[in-house]
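Here is what each chain is made of, one letter per residue.
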Amino acid sequence: MRLAKIGIWAAVVVIVGAVMIGLHQRNTPAGTTGKPVVKIGLVFPLTGLYREPDELRKAMAYMLDKYQDGPLEYILIAEDSVGQATKGISATKKLIHLDRVHVILSANSGVAKVISPLATQSNILHVAIALDANLEGNPTSFTAWTTAEKKARKYVDYLKKKGVKDTAAFVSVTANSEELYRVFKPMAEAAGIRVTKYGFMPGVRDFRIDLMKIKNKKHDLVTFLVWPPEADIVMRQYKEVGVGIPVSGMEVFSIANQKELFEGETYVDGCLPESDVLERIRDQVKAAGTYGFAVGYDLLDMLNRICVDFYERNKRIPSGTELADALVKMGSHDGVAGRVEIGKDRRIQSDACLLKIVDGRPVAIGE
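What you are looking at is a predicted structure, and each value in this text was computed from that prediction instead of being measured.

Conventions adopted
Residues numbered from 1 in each chain as written. Predicted model: local features only at pLDDT ≥ 70, side-chain atom pairs only at ≥ 80, totals over all residues. Heavy atoms only, no water. Disulfide = S-S within 2.5 Å. Helix = DSSP H or I, 4+ residues; strand = E, 2+ residues; numbered from the N terminus. Buried < 20%, exposed > 50% of the residue type's maximum accessible area, 1.4 Å probe, protein only. Pairing = 2+ DSSP bridges. Axes fitted to C-alpha atoms, helices over the stretch in contact; angles between N-to-C directions. Salt bridge = Lys/Arg side-chain N within 4 Å of Asp/Glu carboxyl O. 1 Å grid on protein atoms, 1.4 Å probe; cavity = no way out; pocket = protein on both sides within 12 Å on 5 of 7 lines; lining within 4 Å. Points joined across faces, edges and corners; volume = space filled by probe spheres on them. Nonpolar A, V, L, I, M, F, W, Y, C, P; charged D, E, K, R; others polar. Left-handed = near helix turned anticlockwise from the far one by under 90°. Contact = heavy atoms within 4.5 Å.

Peer 1: Describe in detail the state of the cysteines, supporting the description with residues and values.
Peer 2: This model, assessed by the stated rule, comprises one disulfide. Each sulfur of the disulfide joining Cys271 and Cys353 lies 1.8 Å from the other. In this structure, the disulfide formed by Cys271 and Cys353 twists by about 70 degrees around the S-S bond and is classed as right-handed. In this pair, Cys271 sits in the loop between strand 10 (266-270) and helix 10 (276-285) while Cys353 sits in strand 14 (residues 352-358), placing the two residues 82 residues apart along the sequence. In this pair, the class of Cys271 matches that of Cys353, namely buried.

Peer 1: Quick one: what's the story with the sheet that holds strand 4 (residues 125-129), residue by residue and with numbers?
Peer 2: Overall, mixed pairing links the eight strands, which are arranged 2-1-3-4-5-13-12-11 in an open sheet. With one partner strand each, in any of the chains shown, strand 2 (73-80) and strand 11 (332-335) form the two edges of the open sheet. The mean angle between the axes of side-by-side strands here comes to 20 degrees, regardless of whether they run parallel or antiparallel. Relative to strand 2, strand 1 (residues 37-44) runs parallel, the two being bridged by eight bridges. Note on strand 2: the bridge partner recorded for Phe44 is Asp80.

Peer 1: Please set out the sheet that holds strand 15 (residues 361-364) residue by residue, giving values where relevant.
Peer 2: One open sheet accounts for three strands, arranged 10-14-15; its pairing is antiparallel. Strands at the two margins of the open sheet, each flanked by one partner only, are strand 10 and strand 15. Sheet twist, expressed as the mean angle between neighbouring strand axes with direction ignored, is 50 degrees. As defined by bridge partners, strand 14 adjoins strand 15 across four bridges and the pair is classed as antiparallel. Bridge pairing in strand 15 places Lys356 opposite Val363.

Peer 1: With reference to specific residues and values, describe the pattern of salt bridges.
Peer 2: In the structure shown here, the tally under the stated rule is 23 salt bridges. For the salt bridge of Asp132 with Lys113, the shortest nitrogen-to-oxygen distance reads 3.4 Å. Here Asp132 is found in the loop between strand 4 and strand 5 (141-144), whereas its partner Lys113 is found in helix 4 (residues 109-121), with 19 residues between them in sequence. For Asp132, a relative accessible area of 18% puts it in the buried group. Given a relative accessible area of 33%, Lys113 falls into the partly exposed group. Residues Lys151 and Asp269 are paired through a salt bridge, measuring 3.1 Å at the closest nitrogen-oxygen approach. Placement of Lys151 in helix 5 (residues 148-162) and of Asp269 in strand 10 is noted, with a sequence separation of 118 residues between them. You can call Asp269 buried: its relative accessible area is 2%. Within the structure, one salt-bridge network assembled from shared partners comprises Asp54, Arg57 and Lys58.

Peer 1: Now, about the layout of surface pockets: what can you tell me, with residues and values included?
Peer 2: Empty space within the second largest pocket amounts to approximately 170 Å³. Lining the second largest pocket are Ile306, Asp309, Phe310, Arg313, Glu322, Asp325, Ala326 and Lys329. Counting only elements with at least two residues in the lining of the second largest pocket, the list comes to helix 11 (291-314) and helix 12 (320-330). Here the lining of the second largest pocket is composed, by residue class, of three nonpolar, no polar and five charged.

Peer 1: Tell me about the packing of helix 11 against helix 12, and please be specific about residues and values.
Peer 2: At a minimum axis separation of 10 Å, helix 11 and helix 12 run at an interaxial angle of 115 degrees. The crossing of helix 11 and helix 12 is right-handed. Facing Met302, Arg305, Ile306, Cys307 and Phe310 of helix 11, the residues of helix 12 in contact are Glu322, Leu323, Ala326, Leu327 and Met330.

Listed below in structure tokens is the structure:
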């Protein structure tokens with residue numbers, strides 16, 4: 001009887017193993033050119049929040065075509081985090097253990113923070129196209145986004161030049177907007193600018209009560225730190241209520257789903273130089289293509305340079321640690337986002353600039 005049970009369990013193990021192998025074969029794209037394959041996993045909020053990440057996914061698939069004539073083949077595998085940490089964890093584990101990716105690119109700070117330890121454990125390079133990614137203690141993780149400190153400093157300088165002494169700050173309780181507010185508030189107050197916070201949880205759809213409070217208090221300006229889809233809703237209701245106070249902010253206008261709502265408004269974001277390359281990508285994927293497109297293009301360019309150089313010297317794909325070390329050693333990169341600095345703190349970033357929405361598109365403006 002005992003031998004029979006052992007036989008049954010052995011059969012179960014064999015069947016489960018066969019199923020897992022089958023799943024791996026079905027879900028892991030095979031190289032089609034006979035060249036060594038570099039697999040890049042994306043953990044992006046492709047649904048439920050705002051259009052920019054899915055547009056960036058399409059753009060990056062298009063961008064990778066330029067490298068396919070080289071010695072390596074690149075495969076992009078995208079997973080939807082819906083902007084939620086739990087789904088980000090599941091997606092990352094799938095990419096690591098089933099798809100066996102070499103690199104993970106994430107978007108959204110809340111999700112990026114939980115991916116970094118998983119990447120460390122599996123020695124995989126992780127680059128977050130986000131403000132924060134839990135870099136401390138996770139040596140294979142980077143951020144590729146202009147820091148909150150640089151943006152807040154540029155924004156405070158802009159407010160001082162405009163003579164702003166009192167600003168309302170409309171802040172959604174998300175990782176990105178909270179980080180920007182955390183850095184901005186003390187800088188503004190040190191410059192003699194009073195900041196009054198109006199915070200709310202994601203999912204709120206009626207902001208009229210707070211907007212009336214802002215209108216009645218007669219602030220000099222309203223600082224938007226609100227992510228889509230709420231950013232678009234707030235701006236529509238802002239106009240309906242007739243607040244009549246100037247608006248500005250950091251990042252938000254670039255990623256709004258309806259950028260035309262912010263037409264003519266000035267704000268601070270990472271520098272976005274005009275580029276024929278970006279124009280072609282925008283036209284190809286039918287998207288506005290903001291700072292994220294430039295960051296994505298430059299990241300793929302840097303990764304390709306590192307992988308090709310390493311492969312030609314070592315005849316293998318570099319590990320996560322080797323990729324991370326090479327990125328830090330690179331130090332800087334001149335790309336479509338301008339000159340990008342790569343610090344030993346593993347932050348990849350360009351300078352912050354003033355931009356304005358013109359004809360529904362972000363455009364860099366002079367100081």
